[in-house]
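Listed below, chain by chain, are the residues.
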Amino acid sequence: MTRQRVCVLALAAMLLLVFATFSKSKGLRDKEPQGESRIPSQFGEEERVAMKEALKGAIQIPTVSFNLMESNTTALAEFGEYIRKVFPAVFSTRFIQHEVVGEYSHLFTIQGSDPSLQPYMLMAHFDVVPAPEEGWEVPPFSGLERDGFIHGRGTLDNKNSVMAILQALELLLMRKYIPRRSFFIALGHDEEVSGLKGAKKISALLQSRGVQLAFIVDEGGYIFSGLIPGIQKPVAMIAVSEKGAINLRLQVSMTPGHSSAPPKETSIGILAAAVSRLEQTPMPNMFGSGTLEMTMKQLAHEFPFPFSIFFRNLWLFRPLVRRLIERNYITNALVRTTTALTMFNAGIKENVIPPVAQATVNIRIHPAQTVQEVLELVKNIVADDRVQLHVLKAFDPLPISPSDDQALGYQLLHQTIQSVFPEISIITPGICIGNTDTVHYTNLTTGIYRFNPIYLDPQGFKSFHGLNEKISVKAYEFQVKFIFELIQNADIDRVSVPHLHEL
Ligand SMILES: *[C@@H]1O[C@H](CO)[C@@H](O)[C@H](O)[C@H]1NC(C)=O
Ligand SMILES: *[C@@H]1O[C@H](CO)[C@@H](O)[C@H](O)[C@H]1NC(C)=O
Ligand SMILES: [Zn+2]
């Protein structure tokens, strides 16, 4: 996940409450890849040791993105050498083409045996945010194993995915697997600082080749465990959209003068009043639209009393539920566009009327709204022509990918979750409140899914871009297994009409 936006992950979890359509009994008719016999996802002791050692080695390469301009290019190059060494089959198989894009990113084209099947793409990124050593139980780039966990920056975000994808493919190749459906693997080297040099170039390259994808799988959704208030069971959330964002600068300029004879209002006063209005006036609550009613009724079974009653009887308790959702700042972020005042600068000297006052607001746009709509709202709330608005950066929420019975990518993920994690009974689409490299791939497909098959509890959630990021050896093995199965499941022709929903 991109820096500064990761806190939002948890929010995604709550989404369930709010936006998700619950899906339990959908399925794919053909559980087995056609023609070929299925390769069981069982790995020997030696393979499992090699698997975790490979991840440790990857963590030890400090592929840090410091900012837009600066990254450890030595480490990025070293990482390229490293994967060549660790995954020899991937790099020597005749039906796999490997390209370095944007100097350090990697694109693999895996040619399937059936060209009539539309290809898909697996994505991940191997750059990481900086990790100063203070506060870590073990040095962040040590890759040390302790108490069943591999520790270090990148163990969750997102070298685990990079390594698991290549590892699963390596293991499949060692078992003589030949895919039917072609696929791509795109590994970005600057996701944490925009993806402009990596993902964007890979996307442009694929577009220039006329590639259209059936679907894309990236990071951004997880198996939430203990993160959703009121729900004990694990919830697998496949994110089908991402919030948009605006960085907005508010500015008031006035003629400077001496403070001994001040004007009635100063730039600071005017701006302070404006941002205060913004803070006091939340954007509209989007709760209660679309398929939400149905979702609530279905999910209601999962909530404890008395919430189950509220959610089951929205006709009566809608205003109450609406307020409940607003009260928690996490769930609040899921039902509306949020505005956070993040910077405020003004004044040059104790006795000088300030010529300029500036504030910066970071806005996260709910998928039901657009940049334009939100800017209109802000203008109306500020309601003062002396306050100039400058958009520093803005992008709309990402399109919502389909999660219906015919959505191949969604259904393949659904099916693979069911078979690898039989203990999970709640699988739901959701929104990723952070942002990922997928923003660069919207021209290639309408099916963009963000899902990492990793259990995430509140502690793990905090470690994203934070302290003591770690992954259990077992969890990593499950991630490899998941991708190993997903790749085989994708060899199916298409999604078929599922049996009746049980309700
Ligand atoms: C960059 O990575 C190399 C290893 O590839 C490492 O030796 C070096 O210390 C890193 N530099 C910084 C500034 O982190
Ligand atoms: C998508 O395609 C349009 C039209 O070719 C192009 O202008 C735009 O830059 C592309 N967007 C991305 C993210 O590649
Ligand atoms: Zn990430």
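Preceding this paragraph is the structure being described.
None of the values given here were measured: they were computed from a predicted structure.

A. Inspection of the overall build of the protein at higher detail. Scanning the protein from terminus to terminus reveals 15 helices and 17 strands. Looking at the protein as a whole, 56% of its 503 residues are labelled buried. The contacts of the protein with a sequence gap of at least 6 include a subset with a gap of at least 24, amounting to 83%.

B. Structural context of helix 3 (residues 73–86). Here helix 3 is 14 residues long and its end C-alpha atoms lie 20 Å apart, about the 20 Å a rise of 1.5 Å per residue gives. Those residues of helix 3 lying buried are Ala75, Leu76, Phe79, Gly80, Tyr82 and Ile83. Projected onto a plane normal to the axis of helix 3, the buried residues spread over an arc of 165 degrees and lie on a single side. Opposite the buried face of helix 3, at more than 90 degrees from it, the exposed residues are Thr74, Glu81 and Lys85. Where helix 3 is buried, its residues contact helix 2 (45–59), helix 4 (88–92), strand 2 (105–110) and helix 5 (159–174).

C. Examining the packing of helix 5 against helix 15 (residues 473–489) more closely. Taken N-terminus to C-terminus, the directions of helix 5 and helix 15 make an angle of 55 degrees; their axes are 8 Å apart at the nearest point. Compared by their axis directions, helix 5 and helix 15 come out oblique. Regarding helix 5 and helix 15, the two cross each other, and that crossing is right-handed. Facing helix 5, whose interface residues are Asn160, Ser161, Met163, Ala164, Ile165, Gln167, Ala168, Leu171 and Leu172, helix 15 presents Tyr476, Gln479, Val480, Ile483, Phe484, Ile487 and Gln488.

D. Structural detail: the sheet that holds strand 4 (residues 145–146). One open sheet holds the 3 strands; their spatial order is 4-5-17, and the pairing between them is antiparallel. Looking at strand neighbours, the two that pair on one side only are strand 4 and strand 17 (470–472), the edges of this open sheet. As defined by bridge partners, strand 4 adjoins strand 5 (residues 149–151) across 2 bridges and the pair is classed as antiparallel. Residue pairing across strands places Glu145 opposite Ile150, the latter belonging to strand 5. The sheet strands contacting helix 2 are strand 4, strand 5 and strand 17, and the helix crosses strand 5 at an angle near 20 degrees. On the sheet, helix 15 packs against strand 4, strand 5 and strand 17 and is oriented at approximately 75 degrees with respect to strand 17.

E. Up close: the nonpolar core. The biggest cluster of nonpolar side chains holds 80 residues, and the ones touching the most others in it are Phe108, Leu122, Met163, Ile185, Ile417 and Phe482. Ranked by residue count, the leading element in this core is helix 5, at 10 residues. When residues no more than four places from it in sequence are discounted, the contact partners of Ile417 are Ala236, Ile238, Pro422, Ile424, Ile427, Phe451 and Phe482. Counting residues in hydrophobic clusters, the runner-up holds 22 residues, among them Val275, Met283, Val361 and Val387.

F. How the structure looks around the packing of helix 2 against helix 15. For the pair helix 2 and helix 15, interaxial distance at closest approach is 10 Å and the crossing angle is 100 degrees. On the basis of the axis angle, helix 2 is roughly perpendicular to helix 15. Along its contact with helix 2, which presents Arg48, Met51, Lys52 and Leu55, the element helix 15 presents Val473, Tyr476, Glu477 and Val480. Tallied by class, residues from the contact of helix 2 with helix 15 come to 5 nonpolar, no polar and 3 charged.

G. Region of the structure containing the site of ligand 2. As a structural note, the neighbourhood of ligand 2 is formed by Gln207, His440 and Asn443. Side-chain polar atom of Gln207 to an oxygen atom of ligand 2: 3.1 Å apart, as the coordinates give it. A distance of 2.2 Å is found between an oxygen atom of ligand 2 and a side-chain nitrogen or oxygen belonging to Asn443. Against a free-state accessible area of 360 Å², the protein chains account for coverage of 32% of ligand 2.

H. Structural detail: the sheet that holds strand 12 (residues 356–365). Ordered in space as 11-12-10-13, the 4 strands form an open sheet in which the pairing is antiparallel. In this open sheet, the two edge strands, each paired with only one partner strand, are strand 11 (338–346) and strand 13 (388–395). With direction set aside, neighbouring strand axes in the sheet form an average angle of 15 degrees. Helix 12 (residues 371–382) contacts strand 10 (244–253), strand 12 and strand 13 of the sheet and is inclined by roughly 30 degrees relative to strand 10.

I. Broad picture of the packing of aromatic side chains. Summed over all chains, the structure comprises 13 aromatic pairs. On the basis of an interplanar angle of 10 degrees and a centroid distance of 5.0 Å, the ring pair of Tyr120 and Phe215 is categorised as stacked. One end of the pair, Tyr120, is in strand 3 (residues 120–125); the other, Phe215, is in the loop between helix 6 (199–208) and strand 7 (216–218), with 95 residues separating them in the sequence. With a relative accessible area of 1%, Tyr120 lands in the buried category.

What counts, and where the lines are drawn
Residues numbered from 1 in each chain as written. Chains lettered and ligands numbered in written order. Predicted model: local features only at pLDDT ≥ 70, side-chain atom pairs only at ≥ 80, totals over all residues. Heavy atoms only, no water. Helix = DSSP H or I, 4+ residues; strand = E, 2+ residues; numbered from the N terminus. Buried < 20%, exposed > 50% of the residue type's maximum accessible area, 1.4 Å probe, protein only. Contact = heavy atoms within 4.5 Å. Expected span 1.5 Å × (residues − 1). Arc of directions from axis to C-beta. Axes fitted to C-alpha atoms, helices over the stretch in contact; angles between N-to-C directions. Parallel < 35°, antiparallel > 145°, perpendicular 65-115°, else oblique. Left-handed = near helix turned anticlockwise from the far one by under 90°. Pairing = 2+ DSSP bridges. Core = buried A, V, L, I, M, F, W, Y, C linked by side-chain atoms within 4.5 Å. Nonpolar A, V, L, I, M, F, W, Y, C, P; charged D, E, K, R; others polar. Near = heavy atom within 4 Å. Polar contact = N/O pair within 3.5 Å; in protein donor to acceptor, adjacent residues only side chain to side chain. Areas by Shrake-Rupley, 256 points an atom, 1.4 Å probe, with all protein chains shown as cover. Phe/Tyr/Trp six-rings, centres within 6.5 Å; stacked < 30°, edge-to-face > 60°.

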